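Here's the letter readout for the chains.
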Amino acid sequence: MNVNNLIARHRGTLIIPIVIANVILLANLASGDTKSWQELVWLDIAGEGGAALLALLWIVLILNSRPGGRVTRMLVAGLSGIFLSYWQDVMDEFIRLPDAIVWDHWLESGAMPVGMILLTLGIYHWHKEQQAISAQLIRRERIFREHRSLDNLTPLSGAHYLREQLKRELSRPDQPLALIMLDLHCFDHSRRLLGPSDSDRLLKELGELLLLNLRQQDLLCRYAGDRFAIVLPMTQQAEADRIACELQQAVRHFAFKTRRGESHFMTAQMGIAVAHDDDACSLIERANQRLPGATASWQAA
Ligand SMILES: Nc1nc2c(ncn2[C@@H]2O[C@H](COP(=O)(O)OP(=O)(O)OP(=O)(O)O)[C@@H](O)[C@H]2O)c(=O)[nH]1
């Protein structure tokens, strides 16, 4: 946990419970008498003090794992209420307040339920937020399932994973399956123009772009170099043609930004094969051969 970073990001949110805790401490000291050593009940101090410290720790953990914003503020406000209620409880163990004072009871009994309500609302909105994030990530889930076969640049799965997945898909009888091979046009020229670092980033960003244009069930792999493979389960020729066309448009309109801030445009060529009594290798071979200018010997690394 980087404390400096945490303080820099959430200074405003952190400072409020700390200032209130100090005000409560001063108010107790100003209004009451300190208890003698013999009067202290150590079990209560440990229980209430421990609970206050835990609530404080939760605040720090939440701030450390979340960006700022409404949901984070709600969670912190809820936990702050719980923390301040326990904090006043601990004060009672050290300082005796006159019977005429009632604000300590209000603080002890009021801050806890208010804190709980705010925390519940915060958790509810966090859950909603997480659902939205999960919906975004679900398309990538297939890619991250097999970490062993990830390509270390993009990171998409490679040719080996592609063959495994094709074998699995082709073993299901009577289910149409299409494969698109997408090859960047003249990427060698782009690589020389952009340099190794920018051209690597281009491949990475292009992978992201392609993913965004695919359906949930589709699988994107980096077959080799500047060639991507897209497995389209339950897909006939017409649908595969439409998806290939959309991907081609997406690549064409992608304005990659170089480190110098210039836009670099690419085009892609497609080879589409729909499975008919194929095994994984023959389907890949046919899709590769349908790329414009393809040679039969083209193989993944
Ligand atoms: N930056 C970068 N370049 C790569 C990577 N893998 C392969 N390349 C480059 O990709 C280029 C592929 O070149 P070619 O196979 O000739 O393809 P092309 O230039 O697109 O030619 P056509 O496909 O015929 O249009 C080569 O220059 C490789 O060095 C990589 O991981 N990063």
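An unreviewed UniProt entry lists the protein chain under the name diguanylate cyclase, with Alcanivorax nanhaiticus as the source organism. In its Catalytic activity (unreviewed entry) section, the UniProt entry covering the protein chain states "2 GTP = 3',3'-c-di-GMP + 2 diphosphate".

Draft legend 1. Structural detail: the environment of His105. Among the structural elements, His105 can be located in helix 4 (residues 103-144). Given the relative accessible area of 49%, His105 is considered partly exposed. Linking His105 and Asp89, residues 16 residues apart in sequence, is a C-alpha distance of 9.2 Å.

Draft legend 2. Expanded view of a nonpolar patch on the surface. On the surface, a cluster of nonpolar side chains totalling about 430 Å² of accessible area is made up of Ile15, Ile16, Val19, Ile20 and Val23. Mapped onto the secondary structure, Ile16 falls in helix 1 (residues 3-31).

Draft legend 3. Seen up close, the sheet that holds strand 5 (residues 227-233). Spatial strand order, 4-5-3-8: 4 strands in an open sheet with antiparallel pairing. A single partner strand is all that each edge strand has here, and the edge strands are strand 4 (219-224) and strand 8 (268-274). Ignoring which end each strand starts from, the neighbouring axes of this sheet average 20° apart. Pairing of strand 4 with strand 5, which is carried by 5 bridges, proceeds in the antiparallel orientation. Bridge pairing in strand 5 links Leu220 to Ile230. The strands touched by helix 5 (residues 159-170) are strand 3 (177-184), strand 4 and strand 5; relative to strand 4, the strand with the most contacts, the crossing angle is about 135°. Strand contacts of helix 8 (residues 237-253): strand 3, strand 5 and strand 8, with the helix running at about 165° to strand 8, the strand carrying the most contacts.

Draft legend 4. Focus on the environment of Leu61. Note on placement: Leu61 falls in helix 2 (residues 42-65). The spacing of Leu61 and Leu6 is 55 residues in sequence and 9.7 Å in space, taken between C-alpha atoms.

Conventions we followed
Residues numbered from 1 in each chain as written. Predicted model: local features only at pLDDT ≥ 70, side-chain atom pairs only at ≥ 80, totals over all residues. Heavy atoms only, no water. UniProt positions renumbered as here; feature names shortened; annotations may be inferred. Helix = DSSP H or I, 4+ residues; strand = E, 2+ residues; numbered from the N terminus. Buried < 20%, exposed > 50% of the residue type's maximum accessible area, 1.4 Å probe, protein only. Patch = residues over 30% accessible without salt bridge, like charges linked within 9 Å, V, L, I, M, F, W, Y side chains within 5 Å. Areas by Shrake-Rupley, 256 points an atom, 1.4 Å probe, with all protein chains shown as cover. Salt bridge = Lys/Arg side-chain N within 4 Å of Asp/Glu carboxyl O. Pairing = 2+ DSSP bridges. Axes fitted to C-alpha atoms, helices over the stretch in contact; angles between N-to-C directions. Contact = heavy atoms within 4.5 Å.

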